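# Residue-level structure breakdown
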Amino acid sequence: MREYLLTLCITAAVTYLLTGPVRKFAIVAGAMPEIRARDVHREPTPRLGGIAMFFGLCAGLLVADHLTNLNEVFAKSNEPRALLSGAALIWLIGVLDDKFEIDALIKLGGQMIAAGVMVMQGLTILWLPIPGVGNVALTQWQGTLLTVALVVITINAVNFVDGLDGLAAGMVGIAATAFFLYSYRIWYSYGIEAAAPATLFAAILMGMCLGFLPHNMHPARIFMGDSGSMLIGLVLAAGAISITGQVDPDALALFTGSEKAAVHQTVPVYIPLLLPLTIIAVPAADLVLAIARRTWRGQSPFAADRGHLHHRLLEIGHSHSRAVLIMYFWSALIAFGALAYSVNSASMWIVLGVVFFSAVGLVLLLLPRFTPRAPMWAQRFVPPRYRRRRRAAGALVQQAEPGNSEERAPVAAGAARVNGATAIGARSRFLDRR
């Protein structure tokens, strides 16, 4: 565990320290796009944060290669080199997109090539454990297609959710934490060495997200851009592929009694192949909804809009920070709920706990609809959002109910002029009486 923690800390430190210089480089390089209609930030913000995250990944792999126990991962497996090759390719495509905004189909092709590079170096799904059936071996073409599909879906799921300050890095960091605990348990509790690469990938991914978050929290000083979002999506997918397609349930059968029991024991890590990832179910759901919404409207599935889950949270009245925290909450509930179920699937308390926290999450989700209003005598002691509106100008604006903000401005200005004229007239009458 100490070597994993050291790798995590080195990755986080390198990412954190390099993000500041990368921000200055992004400003000089002109990687500061203008504000778009779907953006929620108000000032141009530099991108290319993925540069710092990529060098954090390289530092983590380099340190792990020189540690006593983690060095065996590099000696017995080619998966770390496969990850680095695919990550370098997808990172380069992301950097070009952050600077020049390349076409979506070109990015999709690059994602498939990066996944193919990892498959060629051995990071692929060899078999598919199915609950109730057992271990199903895959042909080379089946494993390749499934691996490429999982990588592409995960990358785009993370990329789609990267819409608010700190959202993507925080959600992937939560997913990586749950994934690290699960793979570490498979590695050390059952002694299955095939889970070691996935554990290393999860630790490095945690460090990348933790090192970048301080610079990316609201108000963000730098965005990770596609160079960062596609990178962390690929690393997360690589960990899922490694532990799902490389860990043989027959080895777990020695501890659980049978192959079917072993498959059932690892259900939470096989569900990712269908969603594609339980640990990032929220971004995956956002991806599916976005594709369905845009296709229904006759648009390209890659056409950007303001219909994502985080945009809807802002529209119903949540603040920027609270919307991010709500997304964190649901991601943690799903990820750690699946982790707890994998540890003890027979416990009813786990199910009841998930149901209880789901109810809490729904209350938090609908909180703006139940915002209480403080009584008149307590107006000075509560935040502005709990105060009652008493201004005459506000009343005139509400009575007029114009169709858009351009009409609302003249009404508000007129109300202000009326109030000002009334105040001036009252003061002149007071002076005349004196």
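Residues numbered from 1 in each chain as written. Predicted model: local features only at pLDDT ≥ 70, side-chain atom pairs only at ≥ 80, totals over all residues. Heavy atoms only, no water.

Tallying secondary structure elements over the protein chain gives 18 helices and two strands in all. The buried share of the protein chain, taken over its 434 residues, is 47%. Here the analysis covers contacts within the protein chain between residues at least 6 apart in sequence; of these, 72% occur between residues at least 24 apart. For the protein chain, the accessible area works out to roughly 21600 Å², and carbon and sulfur atoms hold 65% of it. (Helix = DSSP H or I, 4+ residues; strand = E, 2+ residues; numbered from the N terminus. Buried < 20%, exposed > 50% of the residue type's maximum accessible area, 1.4 Å probe, protein only. Contact = heavy atoms within 4.5 Å. Areas by Shrake-Rupley, 256 points an atom, 1.4 Å probe, with all protein chains shown as cover.)

Below, the discussion takes up the nonpolar core. Membership of the largest hydrophobic core comes to 88 residues, with the highest contact counts inside it found for Tyr4, Leu57, Leu200, Leu205, Leu231 and Leu234. Looking at this core element by element, the count peaks at 14 residues for helix H7 (residues 167-189). (Core = buried A, V, L, I, M, F, W, Y, C linked by side-chain atoms within 4.5 Å.)

What follows deals with empty space enclosed by the protein. Overall, the coordinates contain three cavities of 30 Å³ or more when judged by the stated rule. The calculated volume of the second largest cavity comes to roughly 40 Å³. Residue assignment for the lining of the second largest cavity shows that the elements contributing at least two residues are H7, helix H8 (196-216) and helix H9 (225-246). Tallying contributions element by element places H8 first for the lining of the second largest cavity, with four residues. (1 Å grid on protein atoms, 1.4 Å probe; cavity = no way out; pocket = protein on both sides within 12 Å on 5 of 7 lines; lining within 4 Å. Points joined across faces, edges and corners; volume = space filled by probe spheres on them.)

Once that is clear, we can look at the environment of leucine 92. Checked against the element boundaries, leucine 92 lands in helix H4 (residues 79-100). Residues leucine 92 and glycine 110, spaced 18 residues apart in sequence, show a C-alpha to C-alpha distance of 9.5 Å.

This brings us to the packing of aromatic side chains. Per the counting criterion, the structure on display carries eight aromatic pairs. Taking 6.3 Å as the distance between ring centres and 80° as the angle between the ring planes, the aromatic pair formed by phenylalanine 55 and tryptophan 91 counts as edge-to-face. Residue phenylalanine 55 is located in helix H2 (residues 50-65), and its partner tryptophan 91 is located in helix H4; the two are separated by 36 residues in the primary sequence. Judged by relative accessible area, which is 16%, tryptophan 91 ranks as buried. (Phe/Tyr/Trp six-rings, centres within 6.5 Å; stacked < 30°, edge-to-face > 60°.)

Orientation of helix H5 (residues 104-120) relative to helix H6 (residues 140-161), taken along the N-to-C sense of each, is 130°, at an axis distance of 9 Å. Overall, the two elements H5 and H6 adopt an arrangement that is oblique. Crossing angle aside, the handedness with which H5 passes H6 is right-handed. Across the interface between the two elements, Lys107, Leu108, Gln111, Met112, Ala115, Gly116, Met118 and Val119 of H5 pack against Thr144, Thr147, Val148, Val151, Val152, Ile155, Asn156 and Asn159 of H6. When the residues that make up the contact of H5 with H6 are grouped by side-chain class, the tally is nine nonpolar, six polar and one charged. (Axes fitted to C-alpha atoms, helices over the stretch in contact; angles between N-to-C directions. Parallel < 35°, antiparallel > 145°, perpendicular 65-115°, else oblique. Left-handed = near helix turned anticlockwise from the far one by under 90°. Nonpolar A, V, L, I, M, F, W, Y, C, P; charged D, E, K, R; others polar.)

Our focus in this paragraph is helix H1 (residues 2-29). Helix length check: H1, at 28 residues, gives a terminal C-alpha distance of 39 Å against a target of 40 Å (1.5 Å per residue), a fit within 8%. Of all the bends found along H1, the most pronounced is centred on threonine 19 and spans about 35°, while proline 21, a proline, follows it within four residues. Among the residues making up H1, those that are buried are Glu3, Tyr4, Thr7, Leu8, Thr11, Ala12, Thr15, Thr19, Val22 and Ala26. As for H1, its buried residues are in contact with H2, H7 and H8. (Expected span 1.5 Å × (residues − 1). Bend = angle between axes of the 7 residues up to and from the residue.)

Residues with a pLDDT of 70 or more make up 65% of the protein chain, whose mean pLDDT is 76. Confidence drops under pLDDT 50 across residues 271-276; counting only partners more than four residues distant or on other chains, this segment forms 14 contacts. The low-confidence segment residues 391-434 (pLDDT under 50) makes 13 contacts with residues lying over four places distant or belonging to another chain. (pLDDT = per-residue confidence, 0-100.)

Going through the model one piece at a time under the given rule, you end up with three salt bridges. A salt bridge links glutamate 101 to arginine 47, with the shortest nitrogen-to-oxygen separation between them at 3.5 Å. Residue glutamate 101 is found in the loop between H4 and H5, and its partner arginine 47 is found in the loop between H1 and H2; the two are separated by 54 residues along the sequence. Residue glutamate 101 is classed as partly exposed on the basis of its relative accessible area, which comes to 47%. The salt bridge involving lysine 107 is made with aspartate 97; its shortest N-O contact spans 3.6 Å. Residue lysine 107 is located in helix H5, and its partner aspartate 97 is located in helix H4; the two are separated by 10 residues in the primary sequence. (Salt bridge = Lys/Arg side-chain N within 4 Å of Asp/Glu carboxyl O.)

Taken together, Met348, Trp349, Val351, Leu352 and Val355 make up a surface patch of nonpolar side chains, about 580 Å² in accessible area. Structurally, the position occupied by leucine 352 is in helix H16 (residues 348-365). (Patch = residues over 30% accessible without salt bridge, like charges linked within 9 Å, V, L, I, M, F, W, Y side chains within 5 Å.)

Once that is clear, we can look at unusual backbone geometry. Phi angles above zero are rare outside glycine, and leucine 48 is one such case at about 70°. Tracing the sequence through the fold places leucine 48 in the loop between H1 and H2. Taking the relative accessible area as the measure of exposure, leucine 48 reaches 3% and is therefore buried. Even without glycine at this site, glutamate 101 takes up a positive phi of about 55°.

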